[in-house]
Every structure is written in C-alpha cells, then in structure tokens.
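Working through the structure, step by step
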Amino acid sequence: MSEDSNQGSENSPDVDEFRSGYVSIIGAPNVGKSTLLNTILGQKLAIVTPKPQTTRNQIRGIVTTDTHQIVFVDTPGLMDPKYRLQSEMVRTAYGAIRDADVVLFVVDVAHRNEKIENTIIERLPKAKNCKNILIFNKVDLVDKPSLLPLFEDFQNKFEFDEMIPISAKTGDGVPLLLDKVRSYLLPGPHYFPEDQLSDLPERFFISETVREKIMLITQREVPYATAVVVEEFEKRLRKNSEEIIYIRAIVYTEKQTQKQIIIGKGGKLIKRVGELARHEIEKFLDSRVFLELYVTVKSDWRRDVRKLKELGGFLD
Ligand SMILES: Nc1nc2c(ncn2[C@@H]2O[C@H](COP(=O)(O)OP(=O)(O)OP(=O)(O)O)[C@@H](O)[C@H]2O)c(=O)[nH]1
Ligand SMILES: [Mg+2]
C-alpha cells in the first residue's frame, strides 16, 4: 500500500469494513411500501392488495452480502386513526422511524395524499446521522414530465437527501435506490445470521397469507374486520410416509354477518380462500400442506386492547 492511500485512515473508516443498517419504509396506505420490500428481497415476504391498510405490523426483511447487511422494515400505512387497531398501526409505523439509519418515504405519484404527506414530513427524523430518501413510486402510471413539479413541491417542504423515482412493481429505479442506500451505510455489525431472511416466525407469514386472500376476495368492511391466527402447526407423516404440514388457523370477524360472508354459500368462499392460501404456503414452506380454516366471531376486537393482544399478538 502506498503512503498516499493510507492518508486519513485514522479518521475515515476502512473501505473494506462490513457495513450495516436499518432502513424503514414509510408512507400513506396503498403507496406500494410492501411491494417495494418484496421487490428488494426478490421474494414475497409482505402481503400486497389493492386495498389500503393491508399491512398491520412491522415486517423486517434482511439482505446480507459479503460486504453489508441491510434490515428493511416495511410498516403499516400512516393515516388519521379512527379506532384502536389503527392507532396501534400508526404507532408501529412511527416506531420504525425511531430506529432507522435511513428512511424511505414512499409517495404514490398517481394518487397524492397531501394531508398525510405533510404530517409525515413533520415527523421525519432531523438528526444528521439519519438519511431521508423520498421515493416517487408508481412512475409506470404517469408521464415522466409530470414528475418535475413533484420534485419542486417536495424540495420546498423538506431537505431530502435524495429523491428517486421508481416503480416498485416493475423494478424500474430500484437498483439505483439500493446503490444510494448502500452508500449511506456506516460500519456496523451483522444484526442477524447471514442466511436469515426475516425475524418473524413462519406462523406469521401463514396467517398473513390467509388474511391476504380474504382481503382480496371480500369487500367493504369485511377485510378490515378480519384477523387470522395460526393455532396449530405440526409436521405429520402420512401413511405413504410422505411428510405433510398440518396447519389450523382461526379467522376472526367482528360480526355474525361478516362470518357468514367469509364462509360463503355452502362454504364456497372460505374453501376458495383455503385453496389460494395453501398453494402459496406450500411454496413458502417448500412442503405439502394441509390447511384447515375455522371462522369465528370476536365482537369489536379492533377496538379492544385486550382482544387485540389476544388475537395472536399481531401488534408489536
Ligand atoms: N402500477 C403500479 N402499482 C403498484 C406499484 N407499487 C405498488 N403497486 C400496487 O399498489 C397497490 C398497493 O400496494 P402495497 O404494496 O400493498 O401498498 P402498501 O403501501 O404496502 O399499502 P398498505 O400496507 O395498505 O399501507 C397494489 O395493488 C400494488 O400492486 C407500482 O410501482 N406501480
Ligand atoms: Mg403494505
């Protein structure tokens, strides 16, 4: 090594040093936060639907290479909460900002929500050691020139470290975004073992998959009044000594009428939910799966702290 290349090494970190950090993905509901997490990971970890308020928890997805580890944290969409579940979702989302090294504030360029955007901007971390990147998502839905006023608008509102147009759906712009994120990482430890994709248990992803199918198939209040808890998860051997994973999950609704809707005529709808979910769970677990779903009523669970916790602690 020449003397020159050694200059300043006492103060500046070694370029070869392992780097890591927490990157939180925040924004209004339905802007594409979970889609972005899945695209970054190259695998479906978070459920995605066209309906707002799909995500209810922090969902951590981990990317590890020889040189760095990034823990991406997907969060519930931020809104003005109307009941306890929603206020817990908002608390959970803002909680992810607190621990972040980089915040990705995602905006849907096709559907602005200025009221929520302004509230979020007020809460963005101001500390120098935390970077704020504004993501203009869904650029596949608009003409490029229409983005220019957006850049100006946000520039006047907050000093973002970067503003990056992407399409989380097509992947357009995502490699550039990842380059930027990597450039902000500081030397740090492995937070998780290198082969770990998430810190959430398999049961969580199973219940989320069932909830996604219900959210996709049902309308109005039903998707929001539904919670899913995996009660049993067991490897069993069949007669032909083939291994199968037996899963029993309970679908909670708030009212008898919602329960009837989810079950459907002659059990048709819940059967469809079960089929769709089972295919995906089999891929996720790489195993044959026997999935049994039960629908039951737990009145007003969304408004009751004790019941919210009881339903499998799906809140942080
Ligand atoms: N055209 C287009 N659609 C997108 C893009 N990103 C996400 N979507 C769609 O937008 C909808 C919402 O996506 P999600 O990823 O669930 O959004 P979210 O921000 O996680 O939503 P919540 O969890 O409800 O806060 C889905 O129908 C996605 O397919 C994109 O880049 N382009
Ligand atoms: Mg989401």
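Residues numbered from 1 in each chain as written. Chains lettered and ligands numbered in written order. Predicted model: local features only at pLDDT ≥ 70, side-chain atom pairs only at ≥ 80, totals over all residues.

Another aspect to go through is the overall build of the protein chain. The secondary structure content of the protein chain amounts to 9 helices and 10 strands. Relative to the globule expectation of 20 Å for 316 residues, the C-alpha radius of gyration of the protein chain, 22 Å, shows essentially globular dimensions. Taken over the C-alpha atoms alone, the protein chain extends approximately 75 × 50 × 40 Å along its principal axes. In the protein chain, the share of contacts with a sequence separation of at least 24, taken over all contacts with a separation of at least 6, comes to 69%. (Helix = DSSP H or I, 4+ residues; strand = E, 2+ residues; numbered from the N terminus. Rg over C-alpha atoms; globule rule 2.2 N^0.38 Å. Contact = placed C-beta atoms within 7 Å.)

Once that is clear, we can look at helix H7 (residues 256-263). Three or more residues of H7 are buried, namely Gln258, Ile261 and Ile262. Down the axis of H7, the buried set is contained in an arc of 95°. They therefore lie on one face. Of the surrounding secondary structure, the elements contacted by the buried residues of H7 are helix H6 (202-217), strand E9 (243-253), helix H8 (268-285) and strand E10 (288-297). Residue Gly264 follows H7 closely and has a positive phi angle near 75°. (Buried ≥ 20, exposed ≤ 12 C-beta atoms within 10 Å, placed from the backbone. Arc of directions from axis to C-beta.)

So, about the site of ligand 1. Inspection of the region around ligand 1 gives 24 residues, with Gly32, Ser34, Thr55, Gly77 and Lys169 positioned closest. The element contributing the most residues to the shell around ligand 1 is helix H1 (residues 33-41), with 3 residues. (Near = placed C-beta within 6 Å.)

Further remarks concern the nonpolar core. Counting residues in hydrophobic clusters, the biggest one holds 41 residues, and the most contacted among them are Val23, Phe105 and Ile135. Per-element accounting of this core gives the leading share, 6 residues, to strand E4 (residues 102-108). (Core = buried A, V, L, I, M, F, W, Y, C linked by C-beta atoms within 7 Å.)

As far as domains go, the protein chain holds domain 1 (10-187) and domain 2 (202-310). The distance between the C-alpha centroids of domain 1 and domain 2 comes to 29 Å. Broken down by class, the residue content of the side of domain 1 that touches domain 2 amounts to 3 nonpolar, 3 polar and 3 charged. (Domains from an automatic or database assignment. Nonpolar A, V, L, I, M, F, W, Y, C, P; charged D, E, K, R; others polar.)

Right, let's talk about helix H2 (residues 84-98) for a bit. In a regular helix each residue adds 1.5 Å, so 15 residues correspond to 21 Å; H2 covers 21 Å between its end C-alpha atoms and thus fits that length. Buried within H2 are the following residues: Leu85, Glu88, Met89, Ala93 and Ala96. Buried residues of H2, viewed axially, fall in a sector of 135°; they line one side. Elements that come into contact with the buried residues of H2 comprise strand E1 (19-27), strand E3 (68-74) and helix H9 (305-310). (Expected span 1.5 Å × (residues − 1).)

Moving on, we get to the sheet that holds E10. One open sheet accounts for 3 strands, arranged E8-E9-E10; its pairing is mixed. Edge positions in the open sheet fall to strand E8 (227-237) and E10, since each of these has one partner strand only. Within this sheet the neighbouring strands show an average axis-to-axis angle of 15°, counted without direction. In the sheet, E9 pairs with E10 via 10 bridges, with the strands oriented parallel. Bridge pairing links Tyr252 to Thr296 in E10. Taken strand by strand, H7 contacts E9 and E10, and its axis lies near 155° from that of E10. (Pairing = 2+ DSSP bridges. Axes fitted to C-alpha atoms, helices over the stretch in contact; angles between N-to-C directions.)

Right, let's talk about the pairing of E3 for a bit. The buried fraction of E3 amounts to 6 of the 7 residues, a majority that puts the element mostly inside the structure. Note that strand E2 (residues 59-64) and E3 share 6 bridges and pair antiparallel. Across the sheet, Ile59 pairs through a bridge with Asp74, a residue of E3. In this antiparallel pair of consecutive strands, E2 and E3, the connection spans 3 residues.

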